[in-house]
There are 2 protein chains.
Amino acid sequence: MVVSLAQIRESSGEVFMEGCPTRVVLDHIMSKWGVLVLLALTDGTHRWGELRREVEGISEKMLASTLRTLESDGLVARTSYPEVPPRVEYSLTDLGRELMQHMLPLVEWVARNADTVVARA
Amino acid sequence: MVVSLAQIRESSGEVFMEGCPTRVVLDHIMSKWGVLVLLALTDGTHRWGELRREVEGISEKMLASTLRTLESDGLVARTSYPEVPPRVEYSLTDLGRELMQHMLPLVEWVARNADTVVARA
DNA sequence: CAGCATCCGGGATGATACTG
DNA sequence: CAGTATCATCCCGGATGCTG
């Protein structure tokens, strides 16, 4: 079992140094909105409008930007149907599901301990 | 096993809604520098100067600010020794270690898959 | 050595209006 | 409905200088 950054570095080399790809990925998936969008999509496929409502407080601009980033990262798949009115659906890719498999335990912990942590502030 | 946001909400109530404590905690521990500082401390106790060097690219201001936030969240412990010159050590609290136990698998996944994800950009 | 105070620029973010 | 375009704003975060 991995218990330290040193161990991760041993097996993966120069990770989390400045300019390292790991920093970029961290910025994408651990960003304010990135986590919440990924989390919403863990439930399954969602339409644009559904995401806008599910991820409370997100602006259209940030939703679009976040989705584009995650899509270009290969974590989210975008499917648009040539209908009128337009319908676009977003879902996790296999890679995205793999990611969430590792992120959900963390998120669950946060959900359980948030009150404990924040109460001190 | 938890596989969706809905399941987390069922057991924990209104989480990840606007203004919810979970949002605040997420902002702290998933912030750009928060993750990296926590990660550095997973190796064990570190002095201020060590952290400054270990977390590449962080400014003094952000290191101080990040540490203060994490300390008030009860995730990081600060110990100052009344010596000249001053010596201050930071380490994870029990709560912090519990958190990292859940975050490390995610970080490890990122380290392994970062190149795959970023290559597309 | 370990920080805090202050200033300040720019990118991140929000609000609004508009379009295919 | 699903976005884009534009403009205004805010605050993150860097640089610098100082202190115990």
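Cut-offs and rules
- Residues numbered from 1 in each chain as written.
- Chains lettered and ligands numbered in written order.
- Predicted model: local features only at pLDDT ≥ 70, side-chain atom pairs only at ≥ 80, totals over all residues.
- Heavy atoms only, no water.
- Near = heavy atom within 4 Å.
- Polar contact = N/O pair within 3.5 Å; in protein donor to acceptor, adjacent residues only side chain to side chain.
- Helix = DSSP H or I, 4+ residues; strand = E, 2+ residues; numbered from the N terminus.
- Nonpolar A, V, L, I, M, F, W, Y, C, P; charged D, E, K, R; others polar.
- 1 Å grid on protein atoms, 1.4 Å probe; cavity = no way out; pocket = protein on both sides within 12 Å on 5 of 7 lines; lining within 4 Å.
- Points joined across faces, edges and corners; volume = space filled by probe spheres on them.

Naming follows an unreviewed UniProt entry, where chain A appears as Helix-turn-helix domain-containing protein of Agromyces neolithicus.

This part takes up the protein's contact with DNA strand C. Around DNA strand C, the structure places 18 residues, and the nearest of them are Lys61(A), Met62(A), Arg47(B), Arg78(B) and Tyr90(B). Atoms of DNA strand C within 4 Å of the protein belong to the sugar or the phosphate in 60% of instances, the rest to bases. Between a base oxygen of DNA strand C and a side-chain N or O atom of Lys61(A), the distance comes to 2.5 Å. Between DNA strand C and the protein, one listed contact pairs a phosphate oxygen with a side-chain N or O atom of Arg78(B) at 2.5 Å. Mapped onto the surface near DNA strand C, the elements with two or more residues apiece are helix 5 (60-72) of chain A together with helix 4 (48-54), helix 5 (60-72) and strand 3 (87-92) of chain B. It is helix 5 of chain B that contributes the most residues to the surface near DNA strand C, 4 residues altogether. Looking at side-chain class alone, the surface near DNA strand C contains 9 nonpolar, 2 polar and 7 charged residues.

Okay, empty space enclosed by the protein next. Overall, the coordinates contain 2 cavities of 30 Å³ or more when judged by the stated rule. Space inside the largest cavity adds up to approximately 60 Å³. Along its surface, the largest cavity is lined by Leu5(A), Arg9(A), Phe16(A), Arg23(A), Leu36(B), Leu39(B), Ala40(B), Glu54(B), Val55(B) and Glu56(B). Every element with two or more residues in the lining of the largest cavity is listed here: helix 1 (5-12) of chain A together with helix 3 (32-42) of chain B. Counting residues per element, the lining of the largest cavity draws most heavily on helix 3 of chain B, which supplies 3 residues. As for the second largest cavity, its lining consists of Leu36(A), Ala40(A), Glu54(A), Val55(A), Leu5(B), Arg9(B), Phe16(B) and Arg23(B). Put simply, the parts of the chain that give the lining of the second largest cavity at least two residues each are helix 3 (32-42) of chain A together with helix 1 (5-12) of chain B. Looking at side-chain class alone, the lining of the second largest cavity contains 5 nonpolar, no polar and 3 charged residues.

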